[in-house]
Amino acid sequence: MQIQVRCECGISECREWALLELQGVLEIQPSAQHLPLNAFSIGSLCRSQQEKYYFTIGYHELEGKKVSLKKPMLVLQKVLREDPIDVESSPVVLSTQYPTQVQKTSELKAIGIIRHKILFKTRPKALISSSVK
Amino acid sequence: MTAKCLYEGCLLSVHDFSFSVVIRGGLNDEAVLCTSSRTYAIKFVMSSNTILIMPPPSSHGSSASGEELDTKSETGGKRTASAMAAATGHLELVEVAPNFEKLKSLLSERLYGEDTDSMDVEESTSGLYTWDDLLEKLQLSEKELQEGLKSLAAVQVGGFWRLVDKKYMHCVFELILLNAMQHDWSLQGLKEKEVVSALMADGYSAQIVIHCLATYGQRVSLAFEAGIASNGSYDLDSHVWELNERHVCLHYANQLLSSASRWRVDDFVDAWQQNLPSGVQASLDMLKGKILIEKLGSDSWLYPFSVANLPSNPAERFAALFRERPRWEWEDLEPYISDLRAPGKSVDALLLKYTRRTQPTAETPPIFTAR
């Protein structure tokens, strides 16, 4: 069995994704657990002048820094393709119930590349100031 | 938020990607990733941390390299990330040595032998594999598959890759050598046309004869003397082959070894040289990796011990070698480990891992024993 890995853009033009790594688990409040994940805003990320990154989640503030990955990573997406089978080359007799025979193949498409990550490994700071969203 | 924001993105550690990349494996195999020349095992590395990945905003010009990103879609002047995913870990690639065992077993399903050669058309194609079939079934890169086919001396017949029965190959080779002696042909300048017609008269196909010439020798550039036919015209179709001296010697050595498995070295060398065509010189060095010599009293005896019959996995190979002999001198050991492949490990690294090296004095050669 073969699964093709494709990148349409070429390695130099592959769109760069961002990666944030946090030591800990994000938990959804019990009252909101029925909502789909994409209905949430996780927090606010900003970068200071000194190349420090601050991620504010709820009333916690995490400080992190940008690190280059030793080996860049590719983001892959599974794609299911249905290609019509060339009837001429197929040895199977066509059934009249299914006018078009399809061949289902799986492919992995490279949709992005990650070269750096923003790593947060310090203890979060609790913000009690009223200016926090 | 877009509909695709939660696709299961999986991250893959990248080395050098030429981007002709395929994942191969059967339903019960561990998946491997193949570039055009190498094979990597795919391992999933779990992370206990929370990993969030996000693509660059599509309509905004800048790339996502940490510029102010807000993961909530807002019109309040902040930049937003269009979508996001959470990863539980990533996939790592570890280079692995190509495994030719399955290739050998697939091609051995229907060996090309005496019966095959005499048949004009083969009835069914089950157990026969084309290049594409092999790529579909094996976990090898294209370059490695090519290498494997070459090392097995496989031949492509009618679009299918075939392994020729060893006995059959030896038979054809023997006939070529006999004909050469009878007709006084030079082993350095065998004319393809002559050889093929002589053997076709005995029922062998041209394809197999040429494959034999290619396995045990090589084509030489067109020699003018060979090309000119008896009427003086230049014969452009005349390919000329030169047999490899070592293969010729090995052929006769194998014949002697199959008649008796233990030989006094001197007796062997005499019998060997006697059987060889004139002009061919044999030397015991040619048998490195095929025989072992042991001293019993004042005599030296040799017996077959071929590297081709040993496991290809380094750990198993060394175990088999030390079962045969607990102590090895480097000169004897080298031909039995020079073909070992372990990505990223040199022969010295393998020796360090699997053997213990001792050297009694500076003058005596080093001895290798099991670890």
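Residues numbered from 1 in each chain as written. Chains lettered and ligands numbered in written order. Predicted model: local features only at pLDDT ≥ 70, side-chain atom pairs only at ≥ 80, totals over all residues. Heavy atoms only, no water.

- As annotated in an unreviewed UniProt entry, chain B is Sister chromatid cohesion protein DCC1 from Ceratopteris richardii.
- Under the UniProt heading Sequence similarities (unreviewed entry), the entry covering chain B gives this text: "Belongs to the DCC1 family." (UniProt positions renumbered as here; feature names shortened; annotations may be inferred.)

- Going by the annotation in an unreviewed UniProt entry, the name recorded for chain A is Chromosome transmission fidelity protein 8, with Ceratopteris richardii given as the source organism.

Considering the nonpolar core
All names here are of chain B.
Thought 1: The biggest cluster of nonpolar side chains holds 46 residues, and the ones touching the most others in it are Ile-176, Leu-190, Leu-199, Leu-243, Phe-268 and Trp-272.
Thought 2: Mapped onto this core, the elements with two or more residues apiece are β6 (155-157), α5 (166-183), α6 (192-200), α7 (206-216), β10 (240-243), α9 (245-259) and α10 (265-275).
Thought 3: Looking at which element gives the most residues to this core, the answer is α5, with eight residues.
Thought 4: Core analysis: the next-biggest nonpolar cluster, separate from the first, contains 18 residues, Phe-318, Leu-321, Phe-322 and Leu-340 among them. (Core = buried A, V, L, I, M, F, W, Y, C linked by side-chain atoms within 4.5 Å. Buried < 20%, exposed > 50% of the residue type's maximum accessible area, 1.4 Å probe, protein only. Helix = DSSP H or I, 4+ residues; strand = E, 2+ residues; numbered from the N terminus.)

Some points on the sheet that holds strand β11 (residues 263-264) of chain B
All names here are of chain B.
Thought 1: A sheet is described by the order of its strands in space; here three strands give the open sequence β11-β13-β12, paired in antiparallel fashion. Two strands lie at the open edges of the sheet, namely β11 and β12 (291-296), each paired on one side alone.
Thought 2: Sheet analysis places β12 next to strand β13 (residues 299-304), joined by six bridges and oriented antiparallel. Within β13, the residue paired with Leu-296 across the bridge is Asp-299. (Pairing = 2+ DSSP bridges.)

Observations concerning the packing of α5(B) against α9(B)
Residue and element names in this part refer to chain B.
Thought 1: Remark: α5 packs on α9, axes separated minimally by 11 Å, with the N-to-C direction vectors making an angle of 115°. By the angle between their axes, α5 is roughly perpendicular relative to α9. Crossing geometry of α5 relative to α9 is assigned as left-handed. Where α5 approaches α9, its residues His-170, Phe-173, Glu-174, Leu-177 and Met-181 are matched on the opposing element by His-247, Val-248, His-251, Tyr-252 and Gln-255.
Thought 2: The class makeup of the residues in the contact of α5 with α9 is five nonpolar, four polar and one charged. (Axes fitted to C-alpha atoms, helices over the stretch in contact; angles between N-to-C directions. Parallel < 35°, antiparallel > 145°, perpendicular 65-115°, else oblique. Left-handed = near helix turned anticlockwise from the far one by under 90°. Contact = heavy atoms within 4.5 Å. Nonpolar A, V, L, I, M, F, W, Y, C, P; charged D, E, K, R; others polar.)

Some points on the environment of Trp161(B)
All names here are of chain B.
Thought 1: Note on placement: Trp-161 falls in strand β7 (residues 160-162).
Thought 2: With 48 residues separating them along the chain, Trp-161 and Val-209 place their C-alpha atoms 16 Å apart.
Thought 3: Ignoring anything within four residues of it in the chain, the contact list for Trp-161 reads Leu-107, Tyr-129, Thr-130, Trp-131, Leu-134, Leu-149, Ala-154, Val-155 and Gln-156.

Description of the packing of aromatic side chains
All names here are of chain B.
Thought 1: Following the criterion strictly, the structure yields 10 aromatic pairs over all chains and no others.
Thought 2: Note on Trp-263 and Phe-268: the rings are 5.5 Å apart at their centroids and 80° apart in plane angle, and the pair reads as edge-to-face. Neither residue differs from the other here; Trp-263 and Phe-268 are each classed as buried.
Thought 3: Relative to Tyr-354, the ring of Phe-318 has its centre 5.3 Å away and its plane inclined at 15°; by these criteria the two rings are stacked. Taken as a pair, Phe-318 in helix α11 (residues 314-324) and Tyr-354 in helix α13 (residues 347-354) lie far apart in primary sequence, 36 residues in all.
Thought 4: Ring-pair connections join several aromatic residues into one group, and the members of that group are Trp-263, Phe-268 and Trp-272.
Thought 5: Positioned above the aromatic ring of Trp-328, the side-chain terminus of Arg-325 is 5.5 Å from the ring centre. (Phe/Tyr/Trp six-rings, centres within 6.5 Å; stacked < 30°, edge-to-face > 60°. Lys NZ or Arg CZ within 6 Å of the ring centre and 35° of its normal.)

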